[in-house]
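# Observations on chain architecture
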Amino acid sequence: MQAYSDFAKLYDVFMDNVDYDQWAQYLAARLADYGIKDGLVLELGCGTGTLTELLARAGYDMIGVDNSQEMLAEAVEKRMESGLDILYLLQDMQEFELYGTVRAVVSACDSLNYITEEEDLLQVFRLVNNYLDPGGIFLFDMNSVYKYKEILGEQTIAENREDGSFIWENEYDETSGINTYDLTLFIQREDGLYEKSVETHYQKAYSLKTIEKLLEKAGLEVIKVYDAYTLDPPKEECERYTIIAREYQKQGE
């Protein structure tokens with residue numbers, strides 16, 4: 001089943017523990033470090049558009065790409081309410097197409113971990129390189145091997161809210177690096193009863209060394225690696241990497 005179908009209806013409710021405002025401020029600050037304070041910015045795996053809207057309010061001309069029609073429906077509804085000028089595209093990030101280049105590409109909330117084959121992740125990186133302006137910045141996060149192995153693996157997480165509940169069961173395979181989680185949802189209907197739905201999600205744990213190797217192979221150089229949304233270098237127990245890369249530039253450019 002495609003990830004985030006029924007869950008899209010409750011995604012924002014269950015993600016209220018994520019400080020999107022802080023993330024948006026961090027991303028805008030890091031882009032500004034490289035002179036990118038406005039212009040076209042692409043978000044890969046934009047989901048329901050929460051971060052996309054915050055970056056649009058920060059002054060960027062946002063394009064959001066996601067392969068979940070249900071998630072984008074939520075994003076479009078937000079756009080109708082906010083009146084922000086955001087272009088949303090229903091596309092797979094492994095095959096996305098734009099009409100021109102952008103100043104930066106961002107991807108947050110471990111969206112790239114959904115790419116479960118190295119060759120496919122390499123293809124995403126190559127497309128990013130293709131659609132970046134010269135000197136453009138690629139700023140993204142990915143969950144670490146440590147997080148899947150030590151934090152999520154074999155864990156069951158459950159939450160009960162007024163509008164619905166979920167049970168999230170994780171299983172991590174160290175050999176393949178694949179974390180499988182079965183998501184059981186109980187969504188309240190208009191008649192007050194709850195409807196059960198089950199989705200299966202797959203994410204891949206990539207070592208930092210592998211990510212850097214694939215970026216280099218795609219023609220991108222790593223500038224900085226941080227521990228999550230901080231300015232600290234990643235430690236051994238780092239759960240999420242935040243990585244900044246750009247197209248290799250020849251001397252004098």
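Sequence order sets the numbering: in each chain, residues are counted from 1 along the sequence as written. Selection of residues for local features in this predicted model requires a pLDDT of at least 70, selection of side-chain atom pairs for listing and counting requires 80 or more, and totals for whole chains, interfaces and linings are taken over all residues. Side-chain measures were taken over the full set of non-hydrogen atoms in the model, leaving aside hydrogen atoms and water.

An unreviewed UniProt entry annotates the protein chain as Methyltransferase domain-containing protein of Candidatus Blautia faecavium.

Topologically, Glu199 is positioned in strand 9 (residues 194-204). The exposure class assigned to Glu199 is buried, which follows from its relative accessible area of 0%. Definition of a polar contact: a pair of N or O atoms within 3.5 Å, with one able to donate and the other able to accept a hydrogen when the atoms are protein atoms, and with sequence-neighbouring residues admitted only if both atoms are side-chain atoms. Among the polar contacts listed, one links the side chain of Glu199 to the side chain of His201, at a separation of 3.0 Å. Only DSSP runs of H or I reaching four residues or more are called helices, and only runs of E reaching two or more are called strands; each is numbered from the N terminus. Using a 1.4 Å probe on the protein chains alone, a residue whose accessible area is under 20% of its type maximum counts as buried, one over 50% counts as exposed, and one in between counts as partly exposed.

This part is about unusual backbone geometry. In this structure, Cys109 takes a positive phi of about 60° despite not being glycine. By the secondary structure assignment, Cys109 is in the loop between strand 4 (102-107) and helix 5 (118-131). Judged by its relative accessible area of 14%, Cys109 is buried. We note that Asp110 has phi near 50°; this positive angle belongs to a residue other than glycine.

For the rest of this paragraph, the subject is the packing of helix 5 against helix 7 (residues 208-217). At a minimum axis distance of 9 Å, the contact between helix 5 and helix 7 shows a crossing angle of 50°. Considering their axes alone, helix 5 and helix 7 lie oblique with respect to each other. Between helix 5 and helix 7 lies a crossing of right-handed hand. Across the interface between the two elements, Glu118, Glu119, Leu121, Leu122, Phe125 and Arg126 from helix 5 touch Thr210, Ile211, Lys213, Leu214, Leu215 and Lys217 from helix 7. Its residues assigned to classes, the contact of helix 5 with helix 7 comprises 6 nonpolar, 1 polar and 5 charged. The axes are straight lines fitted to the C-alpha atoms, using for helices just the contacting stretch, and the angles between their N-to-C directions are given from 0 to 180°. Reported orientations rely on four angle classes, namely roughly parallel under 35 degrees, roughly antiparallel over 145, roughly perpendicular from 65 to 115, and oblique for the rest. What makes a crossing left-handed is the near helix being turned counterclockwise from the far one by less than a right angle; a clockwise turn instead makes it right-handed. Contacts are assigned to residue pairs that have any heavy atoms within 4.5 Å of one another. Asp, Glu, Lys and Arg are counted as charged, while Ala, Val, Leu, Ile, Met, Phe, Trp, Tyr, Cys and Pro are counted as nonpolar; the rest, among them Gly, fall into the polar class.

Let's shift gears to the packing of helix 2 (residues 20-33) against helix 3 (residues 50-57). Packing of helix 2 against helix 3 leaves a shortest axis separation of 9 Å and a crossing angle of 50°. By the angle between their axes, helix 2 is oblique relative to helix 3. Of the two elements, helix 2 crosses helix 3, and the hand of that crossing is right-handed. Packed against helix 2, whose contacting residues are Tyr20, Asp21, Trp23, Ala24, Leu27 and Ala28, the element helix 3 presents Thr50, Leu51, Leu54 and Leu55 at the interface. By residue class, the composition of the contact of helix 2 with helix 3 is 8 nonpolar, 1 polar and 1 charged.

Between two cysteines, a covalent bond joining their sulfur atoms is known as a disulfide. The rule for a disulfide is simple: a pair of cysteine sulfur atoms within 2.5 Å. In the structure shown here, the tally under the stated rule is 0 disulfides. Not part of a disulfide, Cys46 finds its nearest cysteine sulfur in Cys109, a span of 12 Å. In this model Cys238 remains outside any disulfide bridge; the closest cysteine sulfur is found in Cys109, 15 Å from its own. Residue Cys238 is classed as buried on the basis of its relative accessible area of 1%.

Side-chain rings of Phe, Tyr and Trp (the six-membered ring for Trp) are treated as a pair once their centres are within 6.5 Å; stacked means planes under 30 degrees apart, edge-to-face means over 60, and tilted covers the remaining angles. Overall, the coordinates contain 10 aromatic pairs when judged by the stated rule. Aromatic pair Trp23 and Tyr229: ring centres 4.4 Å apart, planes at 15°, arrangement stacked. With Trp23 in helix 2 and Tyr229 in the loop between strand 10 (220-227) and strand 11 (240-247), this pair connects stretches of sequence that are 206 residues apart. Tyr229 shares its class with Trp23; the two are buried. Both rings, one in Phe125 and one in Phe138, keep their centres 5.8 Å apart while their planes meet at 70°; by these two values the pair is edge-to-face. Remark: Phe138 occurs in strand 5 (residues 132-143) and Phe125 occurs in helix 5; sequence separation between them is 13 residues. Given a relative accessible area of 0%, Phe138 falls into the buried group. Through a chain of ring-to-ring contacts, the aromatic side chains of Tyr20, Trp23, Tyr26, Tyr226 and Tyr229 assemble into a single cluster. The residue whose ring lies beneath Arg30 is Tyr26, and the NZ or CZ to ring-centre distance is 4.9 Å. We call a charge positioned over a ring when the NZ of a Lys or the CZ of an Arg lies within 6 Å of the ring centre and within 35 degrees of the ring normal.

Another point: helix 3. When we look at burial in helix 3, the residues that qualify are Leu51, Thr52, Glu53, Leu55 and Ala56. Close packing links the buried residues of helix 3 with helix 2, strand 1 (39-44), strand 2 (60-66), helix 4 (69-82), strand 3 (87-90) and strand 4. Gly59 occupies a position one or two residues after helix 3 and carries a positive phi of about 115°.

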